[in-house]
Each structure stands twice: as structure tokens, then as C-alpha cells.
Amino acid sequence: MDKCTVIQFQYDNFPPLGALYLAYGLEKEGIGFETRIFPAYKYGYDLNKLYSFLADSGDILAIGCYSDFLPYLIVALKKLKKRFPEKVIILGGAGPTEVAEEIISAFHFINFIIKGCGVYLLPKLIKRIQSGNGKLDDIHGLVYRHNNALVSNYYKGFYLNIPDLPAYHRIENIRLYDYFAIFTSFGCPYSCTFCSFRLVSPRKLIYRDLDEVIKEIKFIASIKKHKKFYLHIYDEAFVVNKKRVIEFCNLLRLEMLNMSWDCYGRINDMDEELLEVMSKSGCRKIYYGIESGSNETLREIKKGFTIEEAVEVLLLSKKYIKTTIASFIFLFPFEKPLDFYYTKMAYLYLQAKGINVQLHPLNPVKNSEIYLKYKKDLFQSKEVPSSYWPTFDLMPKTCVKLIKTYPEIFYYYYCYNFEHLHKILNSADSLFTPKYTKNSKRKAKNEAVRGSVGMG
Ligand code: SF4
């Protein structure tokens, strides 16, 4: 029987939930497999390390990744498939999902892409591959080639199908982790125009039963043998339902677990009562996507609050929650120097008040409202930095060539071109430190949060 390897990139210091959920699904179906985690937080974007890591894998490879790793992954997989043509390659996750049809059309060495949540679909696909059953048209969201033609099965969107407990036992030395992550709900009711999450996920939130959530947290506490640990709540819209958050906090307090937690907040969903309850139940960090100091930009991106409201809530949050983070974005294609000046002022003011402030260049997000409107103006620039990946002069030439050849696949490495781009870039210089540049390997001075969508 073909040996199967599930591979996931690990960016943060907590166990990668995606791989653990896939492991849950595969175990449930009795499929033999190994889970391997590529430590992206340690190796960074190292093509050679990635290739050696992949080369040492099973006959069926199921790989989940974000958009940033796609060029590296595609280059490494091309080489791998040349050496081991019999390997079956399945991609999934947020990066490949957005451009599944384009990848399958352009790169014939990739066999399948599963769009959306693969917890129940991956086992189904692997069983068909292993049994030689060629029927694939009933696997939702599957993209592949049949008789050299592209086939894209019905896809209803990215609905996370959360099983009871992720397969934590699949991670070696799980006890050594201090940070864990959890989902309590899925979906987002908001419509920020730079984000595409609302297009592929439910607007009406899907909630997990809070008793199940607490059971999972208690399980993590037992892994840690009741030593102190930190929990990151992944939900995009955790604070939307105040009543439920208060209930969650009360349940947590009853359990008296040795932990603290963090989550994404949203300015227009917060009030003092909520912050106080969250703080009392161990919330020590909250992350807000403010995006701009300009009310005109906030209106344009449909954020749903003003900068004045944002400042008020941020200062209130700081009163209750030790680490309050405010993230701003710049290089919106309609941004004027005055808009960025307001962002800069808000940044400096909040920083002086003890808020952790971040500034990130805008990344194009496929199918977001902004992308659809301005995609004709996308261009590649050596000057526009990224919060996450290396500048082009630090990338392997093969990756840069790929990005240039297939802009519709690697759009994430492009930026919007607009009248005031260079003026704003110059003005942002002192506030923004890219993580990887040719002359300096300085770490970003601000804490970066992963993801191709803005949060909160
Ligand atoms: S940026 Fe956050 S709040 Fe806005 S639509 Fe995306 S996930 Fe929802």
C-alpha cells in the first residue's frame, strides 16, 4: 500500500492545527500515514532545506500551505517529481485553494488540489488513490486533470469542519510546547474590502459547543500536566457574540486552569464590561486590525468604525489587557499622502500610550473587492517590502522566474501600483522594518501575525 505523508508548514510557536485536524480525519478512516512539520519559523524560505525535507517522504504527499510558500513549494516539487515520478502530490490550504485551477493547469506534476477543509475529503481521496478506484467527481472541491482536461468539482466554500479533538498525539514532544491554538467558531459577518474571507466562509457564524471547547482546553492542560500554557483563539470573529464570549470566560474561570489566552478583537464589538470579563478569565493579549488612521480610507475599506472610535477602544483595552496590539496597513491603491499621514499620527500616538503598534504593506488578496478593482495595476517591485517574505534579491532565481511567469498564481508577491506609492513608501520608512532584506537580517520590530486576511 502507498505510504502517505501529511506535511504542513509551521510558522508560529504552536502546534499546526491544520495538520492535526487532517491527522484526525485520516485516523478515523483507518489510513496509515505520517505527519511531518516543516519548521518555517526556523528555516525560513530555504529552498534546499525544503527540497530535502520533501524528498524524504511517502508515495502520497498531502501538503498544506499559505500563499507565501507557494513559489518555493512548486519549484521544490518539480524537482522532486522529476526524481520520483511515481509520487502523488496533493495540495491544500489557503494558498493553493485560491488558485487551484490555475496551478493544476500550469503544473502537470501536481496531481490534485483540495479546496477548503480537507478533514473528511483527504481520506476519501487517498482511499480512492490506494484502491485504484478512479471515481473522483463526488469529492467536493477537488481540482485535477482527467484525460488532460482540467476538472474542478463543485466547491461550496471554506467551511471548516471541526472534529472533536485534533490529533495532538501525532506531534512529537507535544508537552514541550507552551503555546497552543484553538477554534471556537468559524466565519465572519464583516465585509472588509481588502479581505476575501467573507466570500468563501459563512457570514452567519458556525459555533462549536462551548462544552466541547472547554473539553479541548482541559485536554491541552492535561498534555501540559497542568503547567502554565498559552492559548491562541484563532476565530476571525471571536468577539462578535458578546453573550457567548462572556459564557466562555465564565466557564474558563470555573475550571481554574493554569493558562492565559489571546484573541482577535474588533473595535465595534468591544465594551468595558466585555474587556473586564475577558481580563478576569486570563485574556492577556488582544489583536485589533485597525488598518488606517484615515477615516476616508476606513470608509473605503468598509471597516465599520472611525479612527476616533478605534483609539477609544484601544485605550480602554490597554486598561484591562496587558498586550493590546493595533495593526495598520499601508499602500492601499487609493491611499493619498494625507491618509498615510493620519495613519502615521495614529501609530505614533498609540505607541506613546503603550499600545503595541504594527504597520504592514497591503498584500493583494485574490477575489477581495480591492483586488478585483485594481488587479490590472499589480506590479512587482524591489522597493516594496513585505512583512513576511524575502525581497526578490534574496529569493532563488527559479522562484523569481516563476513569480514573473505566473502573476495570476503568485499575485501575493505583487503590489498595487498607484500615484502616491513612492511618496508613501518614503514616509513609512522609519515605521516599517521588513523581516528579510539584502543588507540586513533584522527581525521585524513588531510582532507579525500570519495570514492572508486581515483580522478583526
Ligand atoms: S478583515 Fe477580519 S473582520 Fe474584515 S472581513 Fe476579513 S476576517 Fe472579517
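Residues numbered from 1 in each chain as written. Predicted model: local features only at pLDDT ≥ 70, side-chain atom pairs only at ≥ 80, totals over all residues.

Caption draft 1: Expanded view of the confidence of the model for the chain. Mean pLDDT over the chain stands at 90; residues scoring 70 or higher make up 93%. Within the model, pLDDT remains below 50 along residues 440-456, and this stretch shows 45 contacts once partners closer than five positions in the same chain are excluded. (pLDDT = per-residue confidence, 0-100. Contact = placed C-beta atoms within 7 Å.)

Caption draft 2: Molecular detail of unusual backbone geometry. In this model, asparagine 147 sits at a positive phi of 50°, which is unusual for a non-glycine residue. Here asparagine 147 is to be found in the loop between strand S6 (142-146) and strand S7 (149-152). Even without a glycine there, the phi angle at asparagine 148 is positive, about 70°. Summarising the element assignment, asparagine 148 is placed in the loop between S6 and S7. (Helix = DSSP H or I, 4+ residues; strand = E, 2+ residues; numbered from the N terminus.)

Caption draft 3: Geometry of the domain arrangement of the chain. According to the domain assignment, the chain consists of domain 1 (4-152) and domain 2 (178-306 + 339-354). Taking only C-alpha atoms, the centre of domain 1 and the centre of domain 2 are 30 Å apart. Taken together, the contacts link four residues of domain 1 with four residues of domain 2. Within the side of domain 1 that touches domain 2, the residues separate by chemical class into three nonpolar, one polar and no charged. (Domains from an automatic or database assignment. Nonpolar A, V, L, I, M, F, W, Y, C, P; charged D, E, K, R; others polar.)

Caption draft 4: Broad picture of the nonpolar core. Formed by 65 residues in total, the largest nonpolar core has its most connected members in Tyr288, Ala326, Phe328, Phe330 and Leu331. Dropping the residues within four chain positions of it, leucine 331 is found in contact with Pro361, Leu362, Val384, Cys415, Tyr416, Leu421 and Ile424. Ile63, Ile90, Leu125 and Leu142 belong to the second-largest nonpolar core, a separate cluster that totals 57 residues. (Core = buried A, V, L, I, M, F, W, Y, C linked by C-beta atoms within 7 Å. Buried ≥ 20, exposed ≤ 12 C-beta atoms within 10 Å, placed from the backbone.)

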